[in-house]
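Take a look at the letters that make up each chain.
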Amino acid sequence: MTKAATAAPAAAVAAPVKAAAEAGEFAGSVRPVADGSAPEGYAIKGNQNSMLYHVPGSRYYNSTVAELWFDTVESAEAAGFRAPGQKSAE
C-alpha cells in the first residue's frame, strides 16, 4: 500500500475527531474558563493541535495550552486524544 493510500483513511477518521474537539462536543470535556484555567472537576489538559492529553504532574502539563479540559483520562481517550508517547489507533 502506498503512503497516500494509508494516509487517506487516517485523515478521514481524524477529521471528524478534530471537528468535534473544536466544537467541544465530547462527553466529559469543557472549554477553558475565560482566564484559561481549569474548570472545577476538570484536570486533564487536551491539546487539539497534537490530539494529546496531559495529566497533572506529567512532563508537559505545565507547558501545554489546554484547548479542552477533560474530567478523566477515559474521557480524553474516548474523545480520540492520546497520552504523549502513546501510539495512535490509526
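Just so it is clear, the model here is predicted, and its values are computed rather than measured. (Residues numbered from 1 in each chain as written. Predicted model: local features only at pLDDT ≥ 70, side-chain atom pairs only at ≥ 80, totals over all residues. Heavy atoms only, no water.)

Caption draft 1: Fine view of the overall build of the chain. The secondary structure content of the chain amounts to two helices and four strands. Moving toward the C terminus, one meets the helices and strands of the chain in the order α-β-β-β-β-α. In the chain, which comprises 90 residues, the share counted as buried stands at 29%. Across the chain, every contact between residues at least 6 apart in sequence was considered, and the portion connecting residues at least 24 apart equals 57%. (Helix = DSSP H or I, 4+ residues; strand = E, 2+ residues; numbered from the N terminus. Buried < 20%, exposed > 50% of the residue type's maximum accessible area, 1.4 Å probe, protein only. Contact = heavy atoms within 4.5 Å.)

Caption draft 2: Summary view of unusual backbone geometry. For Met51, which is not a glycine, the phi torsion comes out positive at approximately 60 degrees. The topology assignment puts Met51 in the loop between β2 (44-47) and β3 (52-54). Overall, the relative accessible area of 9% leaves Met51 in the buried class.

Caption draft 3: Focus on the packing of aromatic side chains. Going through the model one piece at a time under the given rule, you end up with two aromatic pairs. Relative to Phe81, the ring of Phe26 has its centre 6.3 Å away and its plane inclined at 90 degrees; by these criteria the two rings are edge-to-face. Taken together, the residues Phe26 in the loop between α1 (3-23) and β1 (29-30) and Phe81 in the segment after α2 (73-78) connect sequence positions 55 residues apart. Looking at Phe26, the relative accessible area reads 15%, which means it is buried. We classify Phe81 as buried; its relative accessible area is 3%. With a centroid separation of 5.1 Å and an interplanar angle of 65 degrees, the aromatic rings of Phe70 and Phe81 are classed as edge-to-face. Remark: Phe81 occurs in the segment after α2 and Phe70 occurs in strand β4 (residues 68-70); sequence separation between them is eleven residues. Take Phe70 and Phe81: they sit in the same class, and that class is buried. Taken together, the ring pairs in this structure connect Phe26, Phe70 and Phe81 into an aromatic cluster. Stacked on the ring of Tyr61, the Lys or Arg Lys45 has its end atom at 4.5 Å from the ring centre. (Phe/Tyr/Trp six-rings, centres within 6.5 Å; stacked < 30°, edge-to-face > 60°. Lys NZ or Arg CZ within 6 Å of the ring centre and 35° of its normal.)

Caption draft 4: Up close: the sheet that holds β2. If you trace the four strands from one edge of the open sheet to the other, you get β1-β4-β2-β3, paired in antiparallel fashion. Because the sheet does not close on itself, it has two edges, and the strands there are β1 and β3. Judged from the three bridges that link them, β2 and β3 form a sheet pairing that is antiparallel. Considered in β3, the bridge of Asn47 is made with Leu52. (Pairing = 2+ DSSP bridges.)

Caption draft 5: Summary view of the environment of Asn49. Positionally, Asn49 belongs in the loop between β2 and β3. Sequence separation of Asn49 and Glu67 is 18 residues, and the distance between their C-alpha atoms is 9.0 Å.

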